[in-house]
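Breakdown of the fold
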Amino acid sequence: MSGIWGKKLELSLFGESHGDAIGITINGLPPGFEIDLDQVQVEMARRAPGSSDLTTPRKEKDLPEILSGFLDGKTTGAPLTAIIRNTNTRSKDYSLLKDVMRPGQADYPGRMRYKGHNDHRGSGHFSGRITAPIVFAGAICQQWLKQKGITVSSHIQSIGNIEDERFADQKEVTHEQAEAFKKDQLPLFDGEKKEAIRDLILEAKEEGDSVGGVVETFVLGIPAGYGNPFFDSVESTLAHLVFSVPAIKGIEFGTGFDITRMKGSEANDEYYYDENGQVKTRSNNNGGIIGGITYGMPIVFRSAVKPPASIKKKQQTINVREGKAAELEVEGRHDPCIVPRVLPVLEAVTAIALTDLILGGN
Ligand SMILES: Cc1cc2nc3c(=O)[nH]c(=O)nc-3n(C[C@H](O)[C@H](O)[C@H](O)COP(=O)(O)O)c2cc1C
Ligand SMILES: C=C(O[C@@H]1CC(C(=O)O)=C[C@@H](OP(=O)(O)O)[C@H]1O)C(=O)O
């Protein structure tokens, strides 16, 4: 399994959803950095399962236990390892799924890749649950970035066909508003859409189905001059980590694919000096990154989140033990929509990418 990532900040992710514990080792954190564990727990709780009728009913406290690299409230500089116990597994839900492959889930490709030895219980190492340790690492990185005046936040761009306004449509988004979004399970610029979104998710759940959506993530306070051209561009680093999150099927930066329908004269982000002599651009179609390098405007990108695969509705599939066609109605505890719980995960991977970049000096 490829659970290792990073250059300056190295991450090693481990665990399975129905094993004893999941966790992460973070190498490269600066020594002497004071971690606010209460704030880490706030981030963990945003992602944790079982928090409302919009999520899987599996309840987990997701309390990280730090095993190394942390003394008297501060990082020591040695590898920091944390584990999170799995306390509410119900593996019988997965007995049938060892043989009957869920369409849209990792059952069949995982079986082929690991020759049938992968832990299939709760989707094992493929589970969205493995994003809990990512949020742990991301919460530490967000605290580190905050000291530098950098805030990472996100809002729901859409669920099904219900659309929120874009970041680019806002006159100004302050650090306070970005922080307020994190306190909301359904953060939207247009709060009036909240009820319709709730209803859509609950309707899908009621029908034994699921819905997807788009998350728009933004970074405020990122200075110009971070990144690289080509292989270590900010976009490629972010995309690498964003696509490491289960259920993500696409990413676009700034105006994204719509930029292809603009003329150069519309697409170009014109420069000016603001009243404080700071370089700004009048639009931000490039989402804060040109040539793989930040230019001092907010980084903005949207991630496509698929509807979760495990649904109660009847589907056609295969039974690999019998080598026959099969019908499947997935029982068990599943998210009817991943979007509300993936917001903190996308913020976490963004913070991890930026911390790695800044620690590396570029
Ligand atoms: C926070 C989170 C929660 C998820 N919950 C579920 C779930 O309840 N049921 C499900 O089938 N998939 C769920 N997923 C998605 C699967 O983990 C994912 O679809 C699967 O691992 C296959 O990967 P892929 O969709 O990226 O190809 C969740 C993902 C995340 C990030
Ligand atoms: C437990 C979490 O979410 C799980 C993610 C998930 C999946 O297939 O991704 C499937 C479900 O697992 P289970 O069948 O064990 O309840 C979700 O509950 C979590 O995110 O912490």
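In this convention, every chain numbers its residues from 1, walking through the sequence in written order. Naming scheme: in the order in which they are written, chains are lettered from A and ligands are numbered from 1. With pLDDT at 70 or above as the cut-off, local features in this predicted model cover only qualifying residues; side-chain atom pairs require 80 or more to be listed or tallied, and sums for whole chains, interfaces and linings still use all residues. Each side-chain value is worked out from all heavy atoms of the structure, with water and hydrogens disregarded.

Overview of empty space enclosed by the protein
Selection rule: Using only the protein atoms, space was sampled on a 1 Å grid; points where a 1.4 Å probe fits but cannot get out form cavities, open sets with protein on both sides within 12 Å along at least five of seven lines form pockets, and lining residues are those with an atom within 4 Å of a point. Grid points are joined across faces, edges and corners, and a volume is the space filled by probe spheres set on the points. Any residue that is not Ala, Val, Leu, Ile, Met, Phe, Trp, Tyr, Cys, Pro, Asp, Glu, Lys or Arg is counted as polar, Gly included; the first ten are nonpolar and the last four charged.
Under the counting rule described, the total for this entry stands at one cavity of 30 Å³ or more. Around the largest cavity, the lining residues are Leu97, Lys98, Met101, Arg102, Ala106, Asp107, Arg111, Gly116, Asn118, His120, Ser123 and Phe126. By residue class, the composition of the lining of the largest cavity is four nonpolar, four polar and four charged.

Describing the UniProt feature "binding site: NADP(+)" (unreviewed entry) in the chain
Note the threshold: UniProt positions are given in the numbering used here, feature names are shortened, and annotations may be inferred rather than shown by experiment. Numbered from the N terminus, helices here are DSSP runs of H or I no shorter than four residues, and strands are runs of E no shorter than two. When accessible area is computed with a 1.4 Å probe and restricted to protein chains, residues below 20% of their type maximum are described as buried, those above 50% as exposed, and intermediate ones as partly exposed. Every residue pair with non-hydrogen atoms within 4.5 Å of one another is taken to be in contact. Here a polar contact is recorded for every N or O atom pair within 3.5 Å, except that within protein the pair must consist of a potential hydrogen donor and a potential acceptor, and residues adjacent in sequence are included only if both atoms are side-chain atoms.
Sequence positions flagged by UniProt for "binding site: NADP(+)" (unreviewed entry) are, in local numbering, Arg47. Tracing the chain through its elements places Arg47 in helix α1 (residues 37-47). When its relative accessible area of 3% is taken as the criterion, Arg47 is described as buried. Those residues within four positions of Arg47 in sequence are excluded, and the remaining contacts are Asp62, Gly128, Arg129, Thr131, Ala132, Val135, Arg341, Pro344 and Val345. Side chain to side chain, Arg47 and Thr131 meet in a polar contact 3.1 Å long.

A word on the confidence of the model for the chain
We apply this condition: Each residue carries a pLDDT value, the predictor's own confidence for that position, ranging from 0 to 100.
Confidence in the prediction for the chain averages 97 pLDDT; 99% of positions are at 70 or higher. Two summary scores accompany this predicted model of the complex, namely pTM at 0.98 and ipTM at 0.99.

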